[in-house]
Amino acid sequence: METKKEFAHVSVMLQETVDALVTDPDGIYVDGTLGGAGHSYEVCRRLSEKGRLIGIDQDAAAVAAASRRLKPFEGQVTVIRSNYAEMVPRLAELGISQVDGILLDLGVSSYQLDEPERGFTYRDENAPLDMRMDQRQRMTARDILAEYSEDELCRMIRENGEEKFAKNIARQIVMTREREPIETAGQLNEIIRAAIPAKARASGGHPSKRTYQAIRIELNRELEVLRDSLDGMIGILKPGGRLCVITFHSIEDRIVKNCFKRNENPCTCPPNFPVCVCGKTSRGKMLTKKPILPTEEELEQNRRSKSAKLRVFEKKQQPEAAGRNESGKRW
(Lines give C-alpha, C1' and ligand atoms only; values in the text may rest on other atoms or scores of the structure.)
Protein backbone atom coordinates (compact mmCIF):
# COMPACT_ATOMS: atom_id res chain seq x y z
CA MET A 1 0.00 0.00 0.00
CA GLU A 2 1.32 3.46 -0.87
CA THR A 3 1.76 5.89 1.98
CA LYS A 4 1.68 9.65 1.91
CA LYS A 5 4.77 10.18 4.00
CA GLU A 6 7.84 8.46 5.34
CA PHE A 7 7.45 6.05 8.24
CA ALA A 8 8.63 8.18 11.17
CA HIS A 9 8.75 7.25 14.83
CA VAL A 10 10.64 8.74 17.76
CA SER A 11 12.24 5.85 19.64
CA VAL A 12 11.38 5.97 23.33
CA MET A 13 14.19 5.53 25.90
CA LEU A 14 16.59 4.81 23.06
CA GLN A 15 19.88 4.84 24.96
CA GLU A 16 18.49 3.16 28.09
CA THR A 17 17.00 0.33 26.04
CA VAL A 18 20.00 -0.34 23.83
CA ASP A 19 22.37 -0.09 26.83
CA ALA A 20 20.36 -2.82 28.55
CA LEU A 21 19.97 -4.96 25.42
CA VAL A 22 23.43 -5.15 23.83
CA THR A 23 25.80 -7.15 26.04
CA ASP A 24 27.95 -8.72 23.31
CA PRO A 25 28.87 -6.81 20.13
CA ASP A 26 29.40 -10.15 18.36
CA GLY A 27 25.90 -11.34 19.27
CA ILE A 28 22.58 -11.89 17.51
CA TYR A 29 19.77 -9.50 18.40
CA VAL A 30 16.09 -9.45 17.48
CA ASP A 31 13.85 -6.38 17.25
CA GLY A 32 10.37 -7.88 17.29
CA THR A 33 8.64 -4.53 16.65
CA LEU A 34 10.99 -3.01 14.10
CA GLY A 35 8.95 0.07 13.18
CA GLY A 36 11.13 2.79 11.70
CA ALA A 37 14.27 1.00 13.01
CA GLY A 38 15.19 3.69 15.54
CA HIS A 39 16.25 1.19 18.20
CA SER A 40 17.62 -1.23 15.63
CA TYR A 41 19.85 1.40 14.02
CA GLU A 42 21.43 2.12 17.39
CA VAL A 43 21.84 -1.60 18.04
CA CYS A 44 23.61 -2.02 14.70
CA ARG A 45 25.95 0.86 15.48
CA ARG A 46 27.15 -1.08 18.51
CA LEU A 47 27.70 -4.41 16.76
CA SER A 48 31.02 -5.71 15.51
CA GLU A 49 31.33 -7.13 12.02
CA LYS A 50 30.34 -10.50 13.49
CA GLY A 51 27.14 -9.14 15.07
CA ARG A 52 23.72 -9.67 13.52
CA LEU A 53 20.26 -8.10 13.77
CA ILE A 54 16.94 -9.67 12.84
CA GLY A 55 14.11 -7.14 12.51
CA ILE A 56 10.46 -8.21 12.52
CA ASP A 57 7.37 -6.12 11.82
CA GLN A 58 3.93 -6.89 10.40
CA ASP A 59 3.44 -3.40 8.93
CA ALA A 60 4.51 -3.18 5.27
CA ALA A 61 5.35 0.53 5.60
CA ALA A 62 7.59 -0.20 8.58
CA VAL A 63 9.38 -3.02 6.77
CA ALA A 64 10.09 -0.79 3.76
CA ALA A 65 11.24 2.18 5.84
CA ALA A 66 13.38 0.07 8.18
CA SER A 67 15.05 -1.67 5.25
CA ARG A 68 16.06 1.72 3.86
CA ARG A 69 17.26 3.01 7.21
CA LEU A 70 19.36 -0.10 7.91
CA LYS A 71 20.93 -0.15 4.44
CA PRO A 72 24.39 0.76 5.81
CA PHE A 73 24.33 -2.52 7.78
CA GLU A 74 22.66 -4.68 5.14
CA GLY A 75 25.23 -7.47 5.39
CA GLN A 76 24.35 -7.93 9.05
CA VAL A 77 20.61 -7.30 8.97
CA THR A 78 17.65 -9.48 8.03
CA VAL A 79 14.20 -7.86 7.89
CA ILE A 80 11.11 -10.07 8.07
CA ARG A 81 7.48 -9.09 7.60
CA SER A 82 5.70 -11.04 10.30
CA ASN A 83 4.14 -10.75 13.75
CA TYR A 84 6.60 -11.22 16.62
CA ALA A 85 4.35 -14.08 17.72
CA GLU A 86 6.08 -16.05 14.94
CA MET A 87 9.57 -15.09 16.11
CA VAL A 88 10.75 -18.56 17.18
CA PRO A 89 9.77 -20.40 13.96
CA ARG A 90 10.93 -17.54 11.73
CA LEU A 91 14.33 -17.55 13.42
CA ALA A 92 14.47 -21.33 13.03
CA GLU A 93 14.02 -20.85 9.27
CA LEU A 94 17.22 -18.78 9.38
CA GLY A 95 19.03 -21.50 11.32
CA ILE A 96 18.94 -19.51 14.57
CA SER A 97 17.98 -21.30 17.78
CA GLN A 98 19.45 -18.89 20.34
CA VAL A 99 19.94 -15.12 20.47
CA ASP A 100 21.72 -12.65 22.73
CA GLY A 101 18.88 -10.18 23.09
CA ILE A 102 15.29 -9.42 22.10
CA LEU A 103 13.51 -6.06 22.06
CA LEU A 104 9.79 -5.32 21.97
CA ASP A 105 8.58 -1.71 21.71
CA LEU A 106 4.84 -2.23 22.04
CA GLY A 107 1.85 -0.17 21.02
CA VAL A 108 1.24 2.01 18.01
CA SER A 109 3.90 4.01 16.15
CA SER A 110 3.94 7.76 15.60
CA TYR A 111 3.57 7.14 11.86
CA GLN A 112 0.47 5.00 12.35
CA LEU A 113 -1.08 7.65 14.59
CA ASP A 114 -0.18 10.52 12.28
CA GLU A 115 -1.33 8.92 9.02
CA PRO A 116 -5.16 9.37 9.06
CA GLU A 117 -5.74 6.70 6.42
CA ARG A 118 -4.45 4.05 8.82
CA GLY A 119 -7.43 4.78 11.07
CA PHE A 120 -5.67 4.74 14.45
CA THR A 121 -6.29 8.37 15.32
CA TYR A 122 -9.29 10.01 16.94
CA ARG A 123 -7.96 13.48 16.09
CA ASP A 124 -8.98 13.46 12.41
CA GLU A 125 -12.78 13.40 12.19
CA ASN A 126 -12.70 12.07 8.61
CA ALA A 127 -10.30 9.21 9.32
CA PRO A 128 -11.66 5.74 8.48
CA LEU A 129 -11.95 3.26 11.34
CA ASP A 130 -9.31 0.80 10.19
CA MET A 131 -6.60 0.22 12.88
CA ARG A 132 -4.99 -2.82 11.22
CA MET A 133 -1.29 -3.11 11.99
CA ASP A 134 -1.04 -5.77 9.30
CA GLN A 135 -3.13 -4.65 6.34
CA ARG A 136 -3.20 -8.18 4.98
CA GLN A 137 -5.73 -8.83 7.72
CA ARG A 138 -9.34 -8.61 6.53
CA MET A 139 -11.12 -7.49 9.71
CA THR A 140 -11.00 -3.78 10.57
CA ALA A 141 -12.18 -1.63 13.45
CA ARG A 142 -15.35 -0.93 11.45
CA ASP A 143 -16.14 -4.64 11.48
CA ILE A 144 -15.79 -4.87 15.25
CA LEU A 145 -18.16 -1.94 15.73
CA ALA A 146 -20.64 -3.49 13.29
CA GLU A 147 -20.51 -7.10 14.44
CA TYR A 148 -19.75 -7.32 18.17
CA SER A 149 -22.71 -7.71 20.50
CA GLU A 150 -23.31 -5.07 23.16
CA ASP A 151 -21.86 -7.39 25.82
CA GLU A 152 -18.76 -8.06 23.70
CA LEU A 153 -18.26 -4.35 23.07
CA CYS A 154 -18.64 -3.60 26.78
CA ARG A 155 -16.14 -6.32 27.73
CA MET A 156 -13.65 -5.11 25.14
CA ILE A 157 -13.82 -1.45 26.14
CA ARG A 158 -13.69 -2.19 29.87
CA GLU A 159 -10.86 -4.75 29.76
CA ASN A 160 -8.67 -3.35 26.98
CA GLY A 161 -9.29 0.32 27.60
CA GLU A 162 -9.96 0.36 31.35
CA GLU A 163 -12.87 2.66 30.55
CA LYS A 164 -15.35 3.00 33.42
CA PHE A 165 -18.11 4.16 31.05
CA ALA A 166 -17.73 1.06 28.86
CA LYS A 167 -21.35 -0.01 29.30
CA ASN A 168 -22.69 3.37 28.22
CA ILE A 169 -20.37 3.52 25.20
CA ALA A 170 -21.28 -0.02 24.10
CA ARG A 171 -24.98 0.82 24.31
CA GLN A 172 -24.50 4.01 22.28
CA ILE A 173 -22.57 2.11 19.61
CA VAL A 174 -25.38 -0.44 19.24
CA MET A 175 -28.06 2.26 19.14
CA THR A 176 -26.17 4.26 16.51
CA ARG A 177 -25.38 1.36 14.19
CA GLU A 178 -29.05 0.48 14.03
CA ARG A 179 -29.55 3.83 12.26
CA GLU A 180 -26.35 4.04 10.19
CA PRO A 181 -22.98 2.29 9.76
CA ILE A 182 -20.16 3.63 11.94
CA GLU A 183 -17.29 4.30 9.56
CA THR A 184 -15.35 7.41 10.60
CA ALA A 185 -13.51 8.72 13.63
CA GLY A 186 -15.92 11.64 13.79
CA GLN A 187 -18.91 9.33 14.17
CA LEU A 188 -17.23 7.27 16.88
CA ASN A 189 -16.04 10.38 18.74
CA GLU A 190 -19.61 11.69 18.81
CA ILE A 191 -20.88 8.38 20.16
CA ILE A 192 -18.28 8.41 22.94
CA ARG A 193 -18.98 12.04 23.83
CA ALA A 194 -22.67 11.22 24.15
CA ALA A 195 -21.92 8.25 26.43
CA ILE A 196 -19.56 9.98 28.88
CA PRO A 197 -20.90 12.59 31.34
CA ALA A 198 -19.70 16.16 30.71
CA LYS A 199 -17.92 16.33 34.08
CA ALA A 200 -15.89 13.21 33.26
CA ARG A 201 -15.05 14.50 29.76
CA ALA A 202 -13.54 17.65 31.27
CA SER A 203 -10.55 15.78 32.73
CA GLY A 204 -8.27 12.88 31.85
CA GLY A 205 -7.39 13.78 28.28
CA HIS A 206 -9.38 13.09 25.12
CA PRO A 207 -12.55 11.11 25.95
CA SER A 208 -12.01 8.77 22.99
CA LYS A 209 -8.48 7.69 23.94
CA ARG A 210 -9.37 4.60 25.99
CA THR A 211 -12.02 3.31 23.58
CA TYR A 212 -9.71 3.60 20.57
CA GLN A 213 -7.00 1.80 22.52
CA ALA A 214 -9.47 -0.96 23.36
CA ILE A 215 -10.56 -1.45 19.75
CA ARG A 216 -6.98 -1.43 18.45
CA ILE A 217 -5.85 -3.99 21.02
CA GLU A 218 -8.81 -6.23 20.28
CA LEU A 219 -8.44 -6.04 16.50
CA ASN A 220 -4.72 -6.80 16.53
CA ARG A 221 -4.90 -9.33 19.38
CA GLU A 222 -2.13 -7.40 21.11
CA LEU A 223 -2.55 -8.71 24.65
CA GLU A 224 -3.09 -12.30 23.55
CA VAL A 225 0.02 -12.22 21.37
CA LEU A 226 2.08 -10.67 24.18
CA ARG A 227 0.96 -13.24 26.77
CA ASP A 228 1.60 -16.14 24.42
CA SER A 229 5.03 -14.98 23.20
CA LEU A 230 7.11 -13.89 26.19
CA ASP A 231 7.92 -17.34 27.58
CA GLY A 232 9.06 -18.52 24.16
CA MET A 233 11.33 -15.50 23.79
CA ILE A 234 12.95 -16.16 27.15
CA GLY A 235 13.38 -19.75 25.99
CA ILE A 236 15.56 -18.80 23.00
CA LEU A 237 17.82 -16.40 24.90
CA LYS A 238 21.40 -17.53 25.38
CA PRO A 239 22.67 -17.67 28.99
CA GLY A 240 23.09 -14.02 30.00
CA GLY A 241 20.88 -12.86 27.12
CA ARG A 242 18.26 -10.19 27.76
CA LEU A 243 14.64 -9.49 26.86
CA CYS A 244 13.76 -5.76 26.91
CA VAL A 245 10.11 -4.74 26.68
CA ILE A 246 8.73 -1.19 26.45
CA THR A 247 5.04 -0.89 27.32
CA PHE A 248 2.68 2.06 27.08
CA HIS A 249 -0.26 1.16 29.29
CA SER A 250 -0.86 -0.65 32.57
CA ILE A 251 -2.39 -3.80 31.05
CA GLU A 252 0.70 -4.54 28.95
CA ASP A 253 3.00 -3.66 31.82
CA ARG A 254 1.23 -6.08 34.19
CA ILE A 255 1.53 -8.90 31.65
CA VAL A 256 5.28 -8.28 31.25
CA LYS A 257 5.93 -7.83 34.97
CA ASN A 258 3.99 -10.97 35.94
CA CYS A 259 5.73 -13.02 33.24
CA PHE A 260 9.17 -11.88 34.35
CA LYS A 261 8.36 -12.57 38.02
CA ARG A 262 7.00 -16.03 37.19
CA ASN A 263 10.11 -16.91 35.20
CA GLU A 264 12.34 -15.67 38.02
CA ASN A 265 10.49 -17.55 40.77
CA PRO A 266 8.36 -20.29 39.15
CA CYS A 267 8.09 -22.61 42.16
CA THR A 268 4.48 -23.57 42.97
CA CYS A 269 5.18 -25.43 46.22
CA PRO A 270 3.39 -24.22 49.39
CA PRO A 271 5.42 -21.57 51.27
CA ASN A 272 5.91 -23.84 54.29
CA PHE A 273 7.74 -26.52 52.27
CA PRO A 274 11.42 -26.58 53.32
CA VAL A 275 12.59 -27.58 49.83
CA CYS A 276 11.10 -27.37 46.38
CA VAL A 277 9.45 -30.55 45.13
CA CYS A 278 7.64 -29.16 42.07
CA GLY A 279 10.88 -29.18 40.09
CA LYS A 280 10.32 -25.77 38.49
CA THR A 281 13.57 -23.83 38.29
CA SER A 282 14.29 -20.17 37.67
CA ARG A 283 15.05 -19.16 34.10
CA GLY A 284 16.72 -15.91 35.11
CA LYS A 285 16.07 -12.65 36.89
CA MET A 286 14.24 -9.40 36.37
CA LEU A 287 16.85 -6.65 36.27
CA THR A 288 14.21 -3.94 36.70
CA LYS A 289 12.37 -4.46 39.99
CA LYS A 290 10.87 -1.08 39.19
CA PRO A 291 10.49 -0.14 35.51
CA ILE A 292 12.84 2.33 33.85
CA LEU A 293 10.96 5.54 32.98
CA PRO A 294 11.70 8.35 30.50
CA THR A 295 13.79 11.24 31.79
CA GLU A 296 12.31 14.70 32.29
CA GLU A 297 14.24 15.84 29.23
CA GLU A 298 12.74 13.12 27.06
CA LEU A 299 9.25 13.86 28.36
CA GLU A 300 9.68 17.49 27.31
CA GLN A 301 10.88 16.49 23.83
CA ASN A 302 8.46 13.63 23.15
CA ARG A 303 5.06 13.78 24.82
CA ARG A 304 4.22 10.28 23.56
CA SER A 305 6.86 8.86 25.90
CA LYS A 306 4.81 9.87 28.94
CA SER A 307 3.36 6.45 29.73
CA ALA A 308 6.35 4.36 28.62
CA LYS A 309 7.92 1.77 30.93
CA LEU A 310 10.95 -0.41 30.22
CA ARG A 311 11.41 -3.80 31.91
CA VAL A 312 14.41 -6.08 31.41
CA PHE A 313 14.78 -9.83 32.04
CA GLU A 314 18.16 -11.60 31.96
CA LYS A 315 18.48 -15.32 31.22
CA LYS A 316 20.25 -17.35 33.89
CA GLN A 317 23.92 -17.92 33.19
CA GLN A 318 23.94 -21.50 34.45
CA PRO A 319 21.08 -23.89 35.27
CA GLU A 320 20.42 -24.44 38.96
CA ALA A 321 18.75 -27.19 40.91
CA ALA A 322 15.36 -26.55 42.46
CA GLY A 323 15.48 -25.18 45.99
CA ARG A 324 15.70 -21.85 47.77
CA ASN A 325 17.79 -18.90 46.68
CA GLU A 326 19.77 -16.59 48.95
CA SER A 327 16.73 -14.48 49.77
CA GLY A 328 14.85 -17.54 50.99
CA LYS A 329 12.63 -17.74 47.93
CA ARG A 330 12.52 -20.92 45.91
CA TRP A 331 13.84 -20.69 42.34
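These numbers come from a predicted model, not from an experiment. (Residues numbered from 1 in each chain as written. Predicted model: local features only at pLDDT ≥ 70, side-chain atom pairs only at ≥ 80, totals over all residues. Heavy atoms only, no water.)

**Student:** In this structure, what is going on with the overall build of the protein? I would like to understand it.
**Tutor:** Within the protein one finds 14 helices and 7 strands. Seen through its C-alpha atoms, the protein measures out along the principal axes to roughly 65 × 55 × 40 Å. Taken across its 331 residues, the protein has 51% of its residues classed as buried. Excluding contacts between residues fewer than 6 apart, the proportion of contacts in the protein whose partners are at least 24 apart in sequence is 70%. (Helix = DSSP H or I, 4+ residues; strand = E, 2+ residues; numbered from the N terminus. Buried < 20%, exposed > 50% of the residue type's maximum accessible area, 1.4 Å probe, protein only. Contact = heavy atoms within 4.5 Å.)

**Student:** What should I look at first to understand the sheet that holds strand β1 (residues 28–31) in this one?
**Tutor:** By definition, the strands of a sheet pair up through backbone hydrogen bonds, in either a parallel or an antiparallel sense. Pairing in this open sheet of 7 strands is mixed, and the strands run β3-β2-β1-β4-β5-β7-β6 from one edge to the other. Edge positions in the sheet fall to β3 (77–81) and β6 (284–286), since each of these pairs with one other strand and no more. Direction aside, the axes of adjacent strands within the sheet are offset by 15 degrees on average. Two elements, β1 and strand β4 (residues 99–105), share 3 bridges in a ladder whose sense is parallel. (Pairing = 2+ DSSP bridges. Axes fitted to C-alpha atoms, helices over the stretch in contact; angles between N-to-C directions.)

**Student:** Just to check I follow, could you spell out a nonpolar patch on the surface for this structure?
**Tutor:** Taken together, the side chains of Phe273, Val275 and Val277 make up a nonpolar region of the molecular surface, amounting to roughly 270 Å² of accessible area. For Phe273, the location among the structural elements is in the loop between α13 (250–264) and β6. We classify Phe273 as partly exposed; its relative accessible area is 32%. (Patch = residues over 30% accessible without salt bridge, like charges linked within 9 Å, V, L, I, M, F, W, Y side chains within 5 Å. Areas by Shrake-Rupley, 256 points an atom, 1.4 Å probe, with all protein chains shown as cover. Salt bridge = Lys/Arg side-chain N within 4 Å of Asp/Glu carboxyl O.)

**Student:** How should I be thinking about the packing of aromatic side chains in this particular structure?
**Tutor:** In the structure shown here, the tally under the stated rule is 3 aromatic pairs. Their ring planes at 75 degrees and their centres at 5.3 Å tell us that Tyr41 and Phe73 sit as a pair that is edge-to-face. Placement of the pair is Tyr41 in helix α2 (residues 38–45) and Phe73 in the loop between α3 (60–69) and β3, with a sequence separation of 32 residues. With centroids separated by 5.4 Å and ring planes inclined at 80 degrees, the aromatic side chains of Tyr122 and Tyr212 adopt a geometry described as edge-to-face. You can see Tyr122 sitting in the loop between α5 (110–114) and α6 (141–147) and its partner Tyr212 sitting in helix α11 (residues 209–219), a full 90 residues away along the chain. A relative accessible area of 3% means that Tyr212 is categorised as buried. Sitting above the plane of the Tyr41 ring, Arg69 keeps its charged end 5.0 Å from the centroid. (Phe/Tyr/Trp six-rings, centres within 6.5 Å; stacked < 30°, edge-to-face > 60°. Lys NZ or Arg CZ within 6 Å of the ring centre and 35° of its normal.)

**Student:** Sorry if this is basic, but what is going on with a positive patch on the surface here?
**Tutor:** A surface patch of like charges, here positive, comprises Arg123, Lys209, Arg303 and Lys306. Positionally, Arg123 belongs in the loop between α5 and α6. Judged by relative accessible area, Arg123 falls into the exposed class, the value being 58%. (Lys, Arg positive; Asp, Glu negative; His and termini not counted. Charge placed at Lys NZ, Arg CZ, Asp CG, Glu CD.)

**Student:** Help me understand helix α9 (residues 185–195), please; the structure alone is not making it clear to me.
**Tutor:** Three or four residues apart is the spacing at which side chains of an α-helix point the same way, because the helix has 3.6 residues per turn. Most of α9 is tucked away, with 8 of its 11 residues classed as buried. Regarding α9, the residues found buried are Ala185, Gly186, Gln187, Leu188, Asn189, Ile191, Ile192 and Ala195. Contacts from the buried residues of α9 go to α6, α8 (166–177) and α11.

**Student:** Hey, could you run me through the nonpolar core in this one?
**Tutor:** Where a protein is soluble and globular, its nonpolar side chains tend to be buried together. Membership of the largest hydrophobic core comes to 32 residues, with the highest contact counts inside it found for Leu153, Ile173 and Leu188. Counting only elements with at least two residues in this core, the list comes to α6, α7 (150–161), α8, α9 and α11. If we skip the residues at most four places from it in the chain, Leu153 touches Ile144, Leu145, Tyr148, Ala170, Ile173, Val174 and Arg177. Within the second largest apolar cluster, 31 residues are counted, among which are Ile56, Ile234, Leu243 and Val245. (Core = buried A, V, L, I, M, F, W, Y, C linked by side-chain atoms within 4.5 Å.)

**Student:** Help me understand the environment of Met139 in this model?
**Tutor:** Its location among the elements puts Met139 in the loop between α5 and α6. The spacing of Met139 and Ala66 is 73 residues in sequence and 26 Å in space, taken between C-alpha atoms. Those residues in contact with Met139 that sit more than four places away from it in its chain are Arg132, Ile144, Glu147 and Leu219.

**Student:** Whenever I open this one, unusual backbone geometry confuses me. Can you help?
**Tutor:** The bulk of non-glycine residues show a negative phi, and the bulk of peptide bonds are trans. Backbone geometry places Met131, a non-glycine residue, at a positive phi of 70 degrees. Within the secondary structure, Met131 sits in the loop between α5 and α6. At Glu162, a position not held by glycine, the phi torsion is positive, near 50 degrees. As for its placement among the helices and strands, Glu162 is situated in the loop between α7 and α8.

**Student:** When you look at the pattern of salt bridges in this model, what are you seeing that I'm missing?
**Tutor:** Where charged atoms from two side chains of opposite charge come close, those side chains can pair. This structure, assessed with the given rule, holds 23 salt bridges. Across the pair Arg118 and Asp59 runs a salt bridge, and its minimum N-O distance is 2.8 Å. Of this pair, Arg118 sits in the loop between α5 and α6 while Asp59 sits in the loop between β2 (52–57) and α3, and the two are 59 residues apart along the sequence. The pair Arg118 / Asp59 is uniform in exposure class, with both members buried. Of the charged contacts, one joins Arg171 and Glu150 as a salt bridge, the two residues approaching to 4.0 Å between their closest N and O atoms. One end of the pair, Arg171, is in helix α8; the other, Glu150, is in helix α7, and 21 residues separate them in sequence. Glu150 gets classed as partly exposed once you look at its relative accessible area, which sits at 31%. Look at the salt bridges and you will find they share partners, linking Asp19, Glu42, Arg45 and Arg46 into a network.

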